[in-house]
2 protein chains.
Amino acid sequence: MGASYSLCSHSSTLSTHTLLHSHPKATAFSHIRQSGLPNPSFKLNPTNQIFQTHLRIMAQPSQVLPLQGGQVEVGETQEGNGTRPLLDFHGIDQELVEKIVYDALVWSSLHGLVVGDKSVQRSGKVPGVGMVHAPFALLPMPFPESHWKQACELAPIFNELVDRVSLDAKFLQDSLSRTKKSDAFTSGLLDIHSKMQEINKKEDIRLGLHRSDYMLDEQTKLLLQIEMNTISCSFPGLGCLVSDLHRSLLNHYGEFLGLDSKRVPNNPAASQFVEALAKAWTEYNNPRAVVMFVVQADERNMYDQHWLSALLKEIHNVSTLRKTLAEIDTEGELLPDGTLVVGGQAIAVVYFRAGYTPNDYPSESEWRARLLMEQSSAIKCPSISYHLAGTKKIQQELVKPNVLERFVDNKDDIAKLRKCFAGLWSLDDSDIVKDAIERPGLYVMKPQREGGGNNIYGNDVREALVRLQKEGSEADAAYILMQRIFPIVSRTLLMRNGICYKDDTVSELGIYGAYLRYMTNFWVFVSFSLYLGPGRSIKLFCWHCW
Amino acid sequence: MGASYSLCSHSSTLSTHTLLHSHPKATAFSHIRQSGLPNPSFKLNPTNQIFQTHLRIMAQPSQVLPLQGGQVEVGETQEGNGTRPLLDFHGIDQELVEKIVYDALVWSSLHGLVVGDKSVQRSGKVPGVGMVHAPFALLPMPFPESHWKQACELAPIFNELVDRVSLDAKFLQDSLSRTKKSDAFTSGLLDIHSKMQEINKKEDIRLGLHRSDYMLDEQTKLLLQIEMNTISCSFPGLGCLVSDLHRSLLNHYGEFLGLDSKRVPNNPAASQFVEALAKAWTEYNNPRAVVMFVVQADERNMYDQHWLSALLKEIHNVSTLRKTLAEIDTEGELLPDGTLVVGGQAIAVVYFRAGYTPNDYPSESEWRARLLMEQSSAIKCPSISYHLAGTKKIQQELVKPNVLERFVDNKDDIAKLRKCFAGLWSLDDSDIVKDAIERPGLYVMKPQREGGGNNIYGNDVREALVRLQKEGSEADAAYILMQRIFPIVSRTLLMRNGICYKDDTVSELGIYGAYLRYMTNFWVFVSFSLYLGPGRSIKLFCWHCW
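These numbers come from a predicted model, not from an experiment. (Residues numbered from 1 in each chain as written. Chains lettered and ligands numbered in written order. Predicted model: local features only at pLDDT ≥ 70, side-chain atom pairs only at ≥ 80, totals over all residues. Heavy atoms only, no water.)

Draft legend 1. Local environment of the sheet that holds strand β20 (residues 479-483) of chain B. Residue and element names in this part refer to chain B. The strand order across the open sheet formed by 4 strands is β17-β20-β18-β19, and the pairing between neighbours is antiparallel. Edge positions in the sheet fall to β17 (424-426) and β19 (456-457), since each has one partner strand and no second. In the sheet, strand β18 (residues 443-447) pairs with β19 via 2 bridges, with the strands oriented antiparallel. Looking across to β19, one finds that M445 is bridged to I456. (Pairing = 2+ DSSP bridges. Helix = DSSP H or I, 4+ residues; strand = E, 2+ residues; numbered from the N terminus.)

Draft legend 2. Highlighting the environment of M228(B). All names here are of chain B. Assignment of secondary structure puts M228 in strand β10 (residues 223-229). Along the sequence, M228 and S194 sit 34 residues apart, while their C-alpha atoms lie 23 Å from each other. Dropping the residues within four chain positions of it, M228 is found in contact with F158, N159, V162, H210, R211, S212 and G390. (Contact = heavy atoms within 4.5 Å.)

Draft legend 3. View of the pattern of salt bridges. All names here are of chain A. Enumeration according to the criterion identifies 57 salt bridges over all chains in this entry. Of the charged contacts in the structure, one is a salt bridge between K393 and E397, with a shortest N-O distance of 3.6 Å. Taken together, the residues K393 and E397, both in helix α13 (residues 392-399) and 4 residues apart, mark about one turn of the helix. The two residues K393 and E397 agree in class, both being buried. A salt bridge links R467 to E471; the shortest N-O distance between them is 3.6 Å. Here E471 and R467 lie together in helix α17 (residues 459-471), a separation of 4 residues that amounts to about one turn. Connected via shared salt-bridge partners are E160, D163, R206 and R517. (Salt bridge = Lys/Arg side-chain N within 4 Å of Asp/Glu carboxyl O. Buried < 20%, exposed > 50% of the residue type's maximum accessible area, 1.4 Å probe, protein only.)

Draft legend 4. How the structure looks around the pairing of strand β21 (residues 490-496) of chain B. All names here are of chain B. Most of β21 sits out of view: 7 of its 7 residues are buried. The two faces of β21 match: S490, T492, L494 and R496 on one face and R491, L493 and M495 on the other face are all buried. Judged from the 2 bridges that link them, strand β7 (residues 136-137) and β21 form a sheet pairing that is antiparallel. The partner of A137 across the bridge, within β21, is L494. Both β21 and strand β22 (residues 499-518) contribute to a ladder of 7 bridges, which runs antiparallel. Bridge pairing links L493 to K502 in β22. Between β21 and β22, which pair antiparallel and follow one another directly, the connecting turn spans 2 residues, one of which, N497, has a positive phi of 55°.

In structure tokens:
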């Protein structure tokens, strides 16, 4: 979720028999022992954000090797003055790695696998300046095909679940009532949600562009969900390119690596997110309206977004507009018929690539903009209800006994969902809190706050829980406890800023899924009953990424 | 020639009836009067290089306008404190220009229309870092279809002419004998040429990747050749992308601009240069050999080159190697059979993207490398003979009466060539020198030195000629005089470093042409006579660019 830069895949060996080269998202350790095996004292962080933190550590490699022609550095990341050997990556020849590194950097540059360079001031505002290749893992990571298929099968079920949960306003308000008191951001969202309930606002066309993230627990071989992102899922645009890059590299070097490019699955995330946006735009049925991307004022991951707007225009001839929340507050208005107009332009679909973190709401202006959009007839991706349905607190509520059954009819689907649920608990569960204080290494403490990087691990879990107990306030409602998952740790070649680093990483598998639900359009298809008949559900697709 | 950054096209109105949107290369005035009409005192420079100089002037616009979202600047370049109105570009609406500018910048970033940013130190060595969109003109320039066709028709004729001239060693040596005394660089090339003559070295497979540059003289409506580049022609890779960019922009905005995207001709320069390189590689007939790109150590235009190597690999599965002249001197060797081996790798084709300027030969090391390659059996693109055949002195010799007839049999071809010849004179023509001192505005003084930026215009011509006369040395042999061409001046929107500038420009039309001549391969096609029969000439293609 949000604009973190963990656009990575990595290679490792799994003991599973059926292997498929897939593209899990790499996360990485800030601290890791020489053994390369996980240890409860590790600072493992399963969200995107930590990868950035990690790479800050890696930005000062102690050893670098010049590549052929003196052009590319290949180095070793490490803590302190480690003396691990360079480039013993699975026994691959160093010269070969250097060639692959060079080709990968060239490929990224020619194919738009780029981000804004933080060191260049304008790179977050002006396209075309201060570009650098996106960080990525040099090679794809083997991943069990059965678990990949399992994750793909789950996508439409989770999409449907989000939709059903979003329609249960009381469930959302009740579940988040305690969180509301301790978390101002959730409170702000719930206020808008309440206002929509008061005016009985219905969203007849509902669009979700989701990403469900998983880790494969090494010991149990279970695919466990980390989180379900319902707002601002990042890297649908660039993620596809990483698949293409890996396929291209394996086409040329696969025989030397023992990897087959055909086993890198196609990743159509960008084109299919775009198809969903275009279908929603069509349903809105105003040819002069556009799709509005709600963006942060300073966005280094803008090209991930630009890929979507470029494809929308090229493939579907649908125009886009980019606006910050503050601009929408200034330039936006509602017409009497509910049409959202921003800067004189009617908006068919609002696609949020901002607004998922409290940082995006520095003043009342941004909250006014969010409310304005929610009040409008524009299709919100996501609506306030979809946004709330993706919060960690709701994820934790859904794990409770008999809750899924309120939203899902099909028993097979319920079983599939439960199978991927990790342990999730509220902090008012005193037995679990006691256990977590005793064995903090087995838990992760997650705040409601989105965007990653705020999770608590290891002994910090104990300290935080003890502190909350002493304070005795409602502050504990801002957190949930989650079972700590221990995926396999792999030695991985990571590319960042033109330099290849080797480090130990764990992987997340992110599965994109789009969901569009709408009543058959009255104005076009008059023979269909309106607002009363069952909506049609399009389970457009599901796929894996990195 | 070489790595200048004038990857530009621009729009202007010509009075010709049949207009075609084409992509002339924009050059620009450093000094221009408000009238926008050329004046003999202008510093007009018809080569690539001046565009860089020009854009340095433009880098400090006095006025900039924020774009929608405050993201892109559109400004006015000027001399002094001019107050010309902003964005009155052919009456196009400012908001529309801002949209086109933004889309153009995004398109460039996603499609690899990029160069290294000089302000980022590593950007000339490491791919994927410090990238910025290539400079380009925002919209294509209308250009008479008849003149474009004329230029395309000339390409194979010029290619054949270069080949024929290259075979006449005496003509090359005699024509350049005076230049040799005053120009150390030409002298170095001639020395290698002489050594090849001494050992009776034959090049049975000859590959030329050329670009012939033209300007359209406004008054006479004549298409006149500026120069024939036979080494290191830049922008075959990025030039195609500019055509694609313009087509994409006109697809979306053409109706508002009155421009039809279908009238932007296809520019297959990259794929067809690559096809020629691949055919040459095939003819060399060593599957383990590669194509070596001879490059400068610091190359901001590397992506133009990377496009060729990427396409060579993707389409033809031919690998490339990048080496500087210094590296080739260190790592290169000749096997007894003449095979060139660099860093342990056999070389089938040597493709020069360096070595065209004296700056590329800072020591004897680089000259040794050039000689080593020339001695080898590798196909040189270009050979030393092709390189010499492209010098300005040879261009001037070919204009003399009865010289073309030595090399071209077909009278129609001779007539076509003569029609595009501008006036060219040696400085030992005292009548012309006298006239040039009297009317310096009608002449351009060109040194042998390649790479542009060294031409002399206006009153400087007079000063230089008078100085040379006083010195009375052989130094005048390092120059030729050329008729000054006055193409139409157009107000143009130029994109550089994320900013849109408006300025007066003149255009060059560069036509790429590839030429591969070889005897039928003995080892494969034994039924053909060898070394005696006529070589086959492949006139692969011609096209226009920007």
